[in-house]
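Take a look at the letters that make up each chain.
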Amino acid sequence: MPGVYDVVIIGGGPAGLTAALYTARARFRTLILERLAPGGQMATTEHIENYPGFPLGMNGVDLSLRMLEQAERFGTEVIYDEVERVELAGPIKVIRGQLGSYEGRTVILATGASPRKLGVVGEDKFTGAGVSYCATCDGALYADKRVVVVGGADSAVEEASFLTRFASQVTIIHRRDQFRAAPIIVERALQNPKIQVMYDTVVEAIYGERSVTSVAVRNVKTNTTETVATSGVFIYVGLIPNAGFLAGVLPLDRGGYVLASEHDLSTQEEGVFAAGDVRPKSLRQVATAVGDGALAAAGVERYLSGVIKTER
Ligand code: NAP
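About the criteria used
- Residues numbered from 1 in each chain as written.
- Predicted model: local features only at pLDDT ≥ 70, side-chain atom pairs only at ≥ 80, totals over all residues.
- Heavy atoms only, no water.
- Salt bridge = Lys/Arg side-chain N within 4 Å of Asp/Glu carboxyl O.
- Helix = DSSP H or I, 4+ residues; strand = E, 2+ residues; numbered from the N terminus.
- Buried < 20%, exposed > 50% of the residue type's maximum accessible area, 1.4 Å probe, protein only.
- Core = buried A, V, L, I, M, F, W, Y, C linked by side-chain atoms within 4.5 Å.
- Domains from an automatic or database assignment.
- Contact = heavy atoms within 4.5 Å.
- Buried area = accessible area lost by both parts, 1.4 Å probe.

1. A few points about the pattern of salt bridges
Any two side chains of opposite charge can pair, given that their charged atoms come close.
At step 1: This structure, assessed with the given rule, holds 15 salt bridges.
At step 2: Two residues, R29 and E77, come together in a salt bridge whose shortest N-O distance is 3.6 Å. Of this pair, R29 sits in the loop between α1 (14-25) and β2 (30-34) while E77 is found in strand β3 (residues 77-80), placing the two residues 48 residues apart along the sequence.
At step 3: Looking at E77, the relative accessible area reads 31%, which means it is partly exposed.
At step 4: A salt bridge links R96 to E87, with the nearest nitrogen and oxygen atoms 2.9 Å apart.

What follows is the structure, encoded as structure tokens:
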């Protein structure tokens, strides 16, 4: 075991990377545990144009690597391991991953959230063979093909626009008659001649042979059903928090998000903070995740300095 860290940050998305930048820069021995690759959902976004400082927008992977470089510049260590269990009570917290165990005097939970599944027949069977949750990762596989996007909020409508770079036609299937996405995102999509919209429509099944060939849809107002031919189904129906390993350890809300004080992001356990999409919040953006990371780091600094006990 590589000794006791001042802070172990679980998750290397924008919240975790920002927290690490702050704590490492404050000379606290900082470890990030990341299961896959830095950036989290940010790294699966092709073009981020609402994060300030990049007037022409920025590729999500590039922004992730820049944040990582900045955190590492001040001495942050990064270990790629998936956390399975945590013991958060007491002055030394123990984090058990698939590859090893780690100890920290404080912990920042910044594990983010993952795409929610639609829960229809064929979804699991064709995941990786026509069903995708990441247009940035898989969009290029659909050059000159027809694809559908399921959902009606920011991710669905934004990624539908992105997919028009490759696909010959993109059909957004949304269960209501109105999009939830921000107006600028909707305007851009509706102006795109490659995009069609099926409102008031739900996907009931995904069909194919080796890969997807069609989806069965139903209009919820008329109750009529039809089959829509498609090579790809991109699903953007919301997020679920990556907090399964915290069940029974910390209080979670009904959606499974980790409860934390809005004031300083402290959780019920002293020295443990939650930042970014893993906690309940009204706006899920790179900018707000970054803000959370800074706030959680400030809580860690205060806790480790013994200036004040964390509030709650
Ligand atoms: P979201 O905001 O939670 O919206 C989920 C969408 O999926 C809604 O349109 C919802 O329909 C639909 N939906 C949910 N369950 C469904 C089901 N079973 N069948 C069919 N449709 C279903 O999810 P998100 O778009 O992934 O966004 C997550 C967060 O990231 C949000 O806070 C969002 O603002 C943020 N985000 C921001 C940007 C940006 O600022 N550029 C980009 C991407 C994401 P209803 O509308 O009918 O509820």
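2. A few points about the nonpolar core
Buried together is how nonpolar side chains tend to be arranged in soluble globular proteins.
At step 1: In this structure, I9, Y51, L63, M67, I108 and V286 are the most contacted members of the largest nonpolar core, which totals 30 residues.
At step 2: Sorting the residues of this core by element identifies β1 (4-10), α1, α2 (60-73) and α6 (286-305) as the ones contributing at least two each.
At step 3: Looking at this core, the element that brings in the most residues is α6, giving eight residues.
At step 4: In terms of nonpolar packing, the next biggest core, distinct from the first, is built from 21 residues, Y5, L88, A243 and A260 among them.

3. Overview of the domain arrangement of the protein
At step 1: You can read the domains of the protein as domain 1 (4-115 + 239-311) and domain 2 (131-235).
At step 2: Averaged C-alpha coordinates put domain 1 and domain 2 at centres separated by 32 Å.
At step 3: If you look at the interface, domain 1 gives five residues, while domain 2 gives seven residues.
At step 4: Summed over both partners, the interface of domain 1 with domain 2 buries about 600 Å², with 50% contributed by carbon and sulfur atoms.
At step 5: Broken down residue by residue, the surface that domain 1 buries against domain 2 is led by T44, E46 and P115, which jointly contribute 64%.
At step 6: There are two salt bridges connecting domain 1 and domain 2.

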